[in-house]
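Close look at the chain arrangement
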Amino acid sequence: MINAIIVDDELKSRESLKILLEEFCDNVAVKALCQDVAEAVQAIQQYKPDVVFLDIQLQRETGFDLLTQLGDFDFEVIFTTAYAEYAIKAFKFAAIDYLLKPIDIGELKRALTKVEKRMNASISLRLQQLMQNLKNTSSENYKLALPTTDGLVFVKMQDILYCEASSNYTEITVMDGKKYIVSRTLKEYEDMLGEHNFYRIHNSYLINLNAIKKYVRGEGGYVIMANDKSLDVSKRKKEGFLARIGAKL
């Protein structure tokens, strides 16, 4: 069983999430409902939860105030917010889960599945990176948390050369030649990096457009990356790809 605590300053939100968990998530036991930081600290110390559902805004305090006050902790955190624009990208890059209100059952279940996989992994490192991402004035300076078999690796977004699909995994190659196998699909990285000068040139490849050395024309053609690796451009992606690099010239 996953022991959970809900922290939200709105009674209706606390009760609604509790009902969703009890009705649709058989493996979750809700141990406490808290309306502010003080109540949450006490409940966490008493119940030692596996996961805390944490509202970002708690009247005059924030969920981050709670985490700062706790110092070291070993539970997972799933942030909840009614504001879709609230630094959502920073959460994704740091591999921290969030749920938008009103909470969707499917999204809730997916977040809990991730919690089960990550339990006992380093939540503190991910939260530290989240805080750094939130402090950066530009998302171009974000670091990306890569969950590998050995643990978490943090890389600067612009240090990524390309991402290659490998079934439900992604192999990420960075500027220094290192490669990381990550248990996320290429589509997930396309969604995160697509607006940051990355482009999916093929079903198998998502590339950093800043890392192209040369494009060789052909039926689809191919690109030569900064590490001299040649990657095919699919016929279907060619027009869009040429439009992207043409806009940069």
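Scroll up to find the structure this text is about.
These numbers were taken from a predicted model, which means no experiment stands behind them. Going along each chain's sequence as written, the residues are numbered from 1 onward. Thresholds applied to this predicted model are a pLDDT of at least 70 for local features of residues and 80 or more for the giving and counting of side-chain atom pairs; totals over whole chains, interfaces and linings are not thresholded and use all residues. Side-chain metrics rest on all non-hydrogen atoms present in the structure, leaving aside hydrogens and water.

**Focus on the overall build of the protein**
On a plain count of helices and strands, the protein comes out with eight helices and 17 strands. Reported as C-alpha extents along the three principal axes, the dimensions of the protein are approximately 65 × 35 × 35 Å. Classification of the 249 residues of the protein by burial places 45% in the buried group. Taking as baseline every contact in the protein between residues at least 6 positions apart, the subset at least 24 positions apart corresponds to 55%. The charge count treats Lys and Arg as positive and Asp and Glu as negative. His and the chain ends do not count. To locate a charge, take atom NZ for lysine, CZ for arginine, CG for aspartate or CD for glutamate. Placing the 33 positive and 35 negative side-chain charges of the protein at their respective mean positions leaves the two points 8 Å apart. Think of it this way: any DSSP run of H or I at least four residues long counts as a helix, any run of E at least two long counts as a strand, and we number them from the N terminus. Burial classes follow relative accessibility: with a 1.4 Å probe on protein chains only, a residue under 20% of its type's maximum area counts as buried, one over 50% as exposed, and anything between as partly exposed. Note on contacts: a residue pair is in contact if any heavy atoms of the two residues lie within 4.5 Å.

**A short note on the sheet that holds strand S16 (residues 222–225)**
At least two DSSP bridges between two strands are required for those strands to pair. Pairing is antiparallel in the open sheet, where three strands are placed in the order S15-S16-S17. Across the chains shown, the open sheet's two edge strands, defined by having one partner strand only, are strand S15 (212–216) and strand S17 (230–232). On average, adjacent strands in this sheet sit at an angle of 25° to one another, irrespective of strand direction. Looking at chain direction, S15 and S16 are connected through four bridges and run antiparallel. Directly across from isoleucine 212, in S16, lies its bridge partner methionine 225. Where helices are involved, their axes are fitted lines through C-alpha atoms of the stretch in contact, as for all axes, and angles between N-to-C directions lie from 0 to 180°.

**So, helix H2 (residues 37–47)**
By the burial criterion, the buried members of H2 are Val37, Ala40, Val41, Ala43 and Ile44. Looking at the packing, one finds that the buried side of H2 touches strand S1 (2–7), strand S2 (28–34), strand S3 (51–55), strand S4 (57–58), strand S5 (61–62) and helix H3 (63–70). Of the residues trailing H2, lysine 48 is marked for its positive phi of about 45°.

**Thoughts on unusual backbone geometry**
Note: most residues except glycine have negative phi, and most peptide bonds are trans. With an omega of -5°, the peptide bond between lysine 101 and proline 102 qualifies as cis. With respect to the helices and strands, the residue proline 102 is situated in the loop between strand S7 (97–100) and helix H5 (105–118). One non-glycine residue with positive phi stands out, namely aspartate 228, at about 70°. Here aspartate 228 is to be found in the loop between S16 and S17.

**Observations regarding the side chain of arginine 200**
If you trace the backbone, arginine 200 turns up in strand S13 (residues 198–202). Polar contact is defined as a pair of N or O atoms within 3.5 Å, subject to the rule that within protein one atom must be able to donate a hydrogen and the other to accept it, and that residues adjacent in sequence are counted only when both atoms are side-chain atoms. Separated by 3.3 Å, the side chain of arginine 200 and the backbone oxygen of histidine 202 make a polar contact. At 2.6 Å, the side chain of arginine 200 forms a polar contact with the backbone oxygen of asparagine 203.

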